[in-house]
Amino acid sequence: MPKLKIEGGNLLTGNIQISGSKNSAVALLPAALLCDTKSKILNVPKIRDIEYLLKILEVLNCKYEINNQELEIDTTNLKNAPIPENLSEQMRASYYFMGTLLARFHRAEISFPGGCVIGARPIDLHIKGFEALGAKVTIIKNKYIIEAEELKGAHIHLDFASVGATINIMLAASRAQGQTIIENAAREPEIVNVAEFLISTGCNITGAGSSTIKIEGSNSLDNGIIKVCPDRIEASTYIIMGALIGKNLCIKDLNIKHLEAVLKKLSECGISYETKENEVIISKCNKILPTTIVTETYPGFPTDIQPPFVTLLTQSEGISTVLETIYESRFKYTESLKLLGSKTITEQNLLTIYGPTPLASNNLYVPDLRGGAALVLAGLIATGTTYLDNISLILRGYEDIVEKLTNVGAKIEIIE
Ligand code: EPZ
């Protein structure tokens, strides 16, 4: 199994270019199947999740051409087919084919989705949305069968502002008859990105980015075109890395508006940075103040940045607390951080961090994607050489992470 070998202590300086958002791109590829003939998606990140989604497009007889980050999809001969377990289990986002295939064929058959083990991650809100539109959902072994005679617009209220449920219901509603209203919709930038794509296909959507989204269904959508928005989680991860061990590290091609909660928290920790149009320039902070974090839905502090931020807090001078309100078990990576020398206590979804603690290298196991990012940052500041196992999870969500970090002076490589 390949491992990441990281030699800690090297100051990082230079430019890091942010890629297209994983969590937007993995929704846009299934959304493209709503088009009758063709669509184009720009700024697609080169990550494992995209590779798996392209394999699912092949199962559905979709033609595509990808040149670097530009993807052209031809749905002229789209055919409905069951999404096999060996593909759907590779990631969470495979569940977006439920909304798309239901919209196109009034039937979707898909094995249970996979995704990071950070909680139960049910999809009851997605199913409630499909049922409100007129679908019947049955579970046979580990497969969802979703069928509808017809899809009619509905007024749906989400008990929780779920990103996945908001997007999946938007996809299904885009070709339903009449208007669908989603109340308590999630407001993440990725949802706005998907709505912009649907609007480019001729779908009438208003309110994306707010808590109430209105979708006028249409029986024909086509010629979609979209640029994947910058990955705010990748950008935040590298900005935090700059605060730990940067020297005028410049993180470019980001969308500063999407980073407000994280930048505000960094300022609370006494960390200064310079912002320009779409870039942040940051250097190692020698006196990091402790803070309290509560993860929330957007525009609150993002749960996906909780792990990398905890690595930062292991170096803060005092006691910090992190309340994880989105997932019920997203602190697994802290066990690995402790092997490097951090001092933390976990009580259910409350983490207390006692800093600063010098970190020393060790051999670690990556439990999930963002926990893995936290361990990469820890390895970059630990004395000695740290080895990370199970790194495919990291490669799922961070495009060219080894190249990007090597280019700014990190001693990091993948070894077999
Ligand atoms: C998306 O997951 C992201 N993944 C996650 O990023 C991110 O953490 C999450 O949104 C929150 O921002 C993708 O976009 C592929 P949710 P999603 O539905 O859609 C509960 C990463 O590291 N819930 O907003 O699955 C659920 O259990 C990943 O890039 C229900 O109870 O998130 C969770 O506790 C990790 N019922 C909470 O809501 C439902 O039907 C957030 O889920 C749906 C969700």
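Residues numbered from 1 in each chain as written. Predicted model: local features only at pLDDT ≥ 70, side-chain atom pairs only at ≥ 80, totals over all residues. Heavy atoms only, no water.

A separate point is the overall build of the protein. Across its full length, the protein carries 14 helices and 23 strands. Here the C-alpha atoms of the protein give a radius of gyration of 21 Å, agreeing with the 22 Å that 2.2 N^0.38 yields for 416 residues. Each of the three principal axes of the protein carries a C-alpha extent, and together these read 60 × 45 × 40 Å. The buried share of the protein, taken over its 416 residues, is 56%. In the protein, once contacts between residues fewer than 6 apart in sequence are set aside, the share between residues at least 24 apart is 73%. When the accessible surface of the protein is totalled, it reaches about 16100 Å², and 50% of it is carbon and sulfur. For the protein, the distance from the average site of its 40 positive side-chain charges to the average site of its 46 negative ones is 2 Å. (Helix = DSSP H or I, 4+ residues; strand = E, 2+ residues; numbered from the N terminus. Rg over C-alpha atoms; globule rule 2.2 N^0.38 Å. Buried < 20%, exposed > 50% of the residue type's maximum accessible area, 1.4 Å probe, protein only. Contact = heavy atoms within 4.5 Å. Areas by Shrake-Rupley, 256 points an atom, 1.4 Å probe, with all protein chains shown as cover. Lys, Arg positive; Asp, Glu negative; His and termini not counted. Charge placed at Lys NZ, Arg CZ, Asp CG, Glu CD.)

Glancing now at the site of the ligand. Taken together, the neighbourhood of the ligand is formed by 23 residues, with D124, L125, S162, D304 and I326 sitting nearest. In the model, an oxygen atom of the ligand is placed 2.6 Å from a nitrogen or oxygen of the D304 side chain. For the ligand, whose unbound accessible area comes to 810 Å², protein coverage reaches 90%. When residues of the shell around the ligand are traced back to their parent elements, those giving at least two are α1 (22-31), α5 (124-132), α6 (163-173) and α12 (369-381). Across the shell around the ligand, the residue classes tally to eleven nonpolar, five polar and seven charged. Taken together, domain 1 (3-18 + 230-415) and domain 2 (22-227) each give at least three residues to the shell around the ligand, which thus spans both. (Near = heavy atom within 4 Å. Polar contact = N/O pair within 3.5 Å; in protein donor to acceptor, adjacent residues only side chain to side chain. Nonpolar A, V, L, I, M, F, W, Y, C, P; charged D, E, K, R; others polar. Domains from an automatic or database assignment.)

Right, let's get into the packing of α1 against helix α2 (residues 48-59). At a closest axis distance of 10 Å, the pairing of α1 and α2 adopts a crossing angle of 5 degrees. One finds that α1 runs roughly parallel with respect to α2. From α1, K22, A25, V26 and L29 reach across to α2, where they touch D49, I50, L53, L54 and L57. (Axes fitted to C-alpha atoms, helices over the stretch in contact; angles between N-to-C directions. Parallel < 35°, antiparallel > 145°, perpendicular 65-115°, else oblique.)

Glancing now at the sheet that holds strand β22 (residues 385-389). Taken together, four strands build an open sheet; the order of strands is β21-β22-β1-β23 and the sheet is mixed. At either margin of the open sheet sits one strand with a lone partner, and together these are β21 (363-365) and β23 (411-415). Taken over all neighbouring pairs, the strand axes of this sheet differ in orientation by 20 degrees on average, direction set aside. Bridge analysis of β21 against β22 gives three bridges, and the strand direction is parallel. Each residue of the ladder has a partner; that of Y365, found in β22, is D389. (Pairing = 2+ DSSP bridges.)

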